[in-house]
Amino acid sequence: MKRVLSIQDISCVGKCSLTVALPIISAAGIETAILPTAVLSTHTAFSRFTFRDLTDDIQTITDHWLEEKIVFDGIGTGYLGSFRQIELVEKIFTDFYHDGMLRFVDPAMGDNGKLYVGFDEAFAKRMGELCGKADIIVPNLTEAAFMLGEKYMESGYTADDIKALLKRLCSLGCPVAALTGISLEPGKCGVMAYDSRTDTYCEYYSERLPVSFHGTGDVFSSACFAALMRGQSLEKALKTAVEYTVESIRQTVSYEGHNWYGVDFESAFPLLLKLLEE
């Protein structure tokens with residue numbers, strides 16, 4: 001059984017970050033170790049949430065793993081809350097690296113043309129440096145624009161715009177970049193990716209549902225990381241992640257009085273397992 005490490009915060013209630021990554025990657029049949037960067041009582045869409053920063057614990061935890069000679073087949077990162085955490089992740093990438101290990105970065109720091117509270121352009125540039133040390137990155141359009149120091153195009157992106165943006169993302173240093181939340185025609189949404197090693201693009205789109213939930217990006221990235229670790233090609237992994245995310249949303253809205261704070265990704269596990277076998 002393969003073993004991966006997921007590095008991001010824990011929102012104890014809210015269906016995002018590690019409370020999404022751990023069950024999804026584990027359900028895919030992959031041993032999943034976690035490295036929490038912070039613990040929150042809920043995600044930040046709730047009011048008066050509690051927050052405990054765990055930055056000072058990261059080095060002692062990883063030092064112990066090195067002493068125990070623990071090996072990871074892949075390392076995936078999500079929301080990182082500070083420059084120091086990015087620095088520590090870079091050290092982890094170096095300390096645990098071996099041939100064949102997959103370094104997967106979701107630079108979760110913004111959406112809809114704006115960075116999340118607490119982040120600025122300097123942080124985005126630093127996140128771009130971390131992305132340059134990854135094997136594959138999965139930003140959305142907002143995160144991509146800020147990492148590259150470009151203006152977010154509120155008027156919309158064409159297919160040629162996306163392709164050019166993907167090439168610029170790979171110029172950060174990562175061989176593969178995938179842009180999420182791409183919508184090139186009404187009623188459709190998905191992802192486009194570029195592999196600089198082969199100079200090839202691939203894309204996948206599905207139904208765009210008229211609702212929005214916190215944490216769907218985490219569902220997508222967790223499923224994509226798991227699919228790649230299961231040996232799926234980039235193209236198949238993108239399809240798996242998109243369809244699983246859409247089905248998680250469908251499952252959520254199928255219930256009267258459904259929750260508002262996250263999607264029912266648990267109910268969509270049968271589809272995920274089916275897609276992983278394709």
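Residues numbered from 1 in each chain as written. Predicted model: local features only at pLDDT ≥ 70, side-chain atom pairs only at ≥ 80, totals over all residues. Heavy atoms only, no water.

Okay, the sheet that holds strand 10 (residues 188-195) next. If you walk across this open sheet you meet the nine strands as 3-2-1-4-5-8-9-10-11, and the pairing is mixed. Looking at the sheet topology across the chains shown, the edges are occupied by strand 3 (51-53) and strand 11 (200-207). Pairing of strand 9 (residues 176-182) with strand 10 involves six bridges; the strand directions are antiparallel. Following the sheet pairing, leucine 179 is matched in strand 10 by methionine 192. The strands that helix 7 (residues 216-229) touches are strand 1 (3-13), strand 4 (74-77), strand 5 (102-105), strand 8 (136-137), strand 9 and strand 10; relative to strand 5, the one it contacts most, it runs at about 165°. (Pairing = 2+ DSSP bridges. Helix = DSSP H or I, 4+ residues; strand = E, 2+ residues; numbered from the N terminus. Contact = heavy atoms within 4.5 Å. Axes fitted to C-alpha atoms, helices over the stretch in contact; angles between N-to-C directions.)

Looking now at unusual backbone geometry. One non-glycine residue, lysine 69, adopts positive backbone phi at about 60°. Looking at the secondary structure, you find lysine 69 in the loop between helix 2 (55-67) and strand 4. For asparagine 112, which is not a glycine, the phi torsion comes out positive at approximately 55°. By the element assignment, asparagine 112 lies in the loop between strand 6 (110-111) and strand 7 (114-115).

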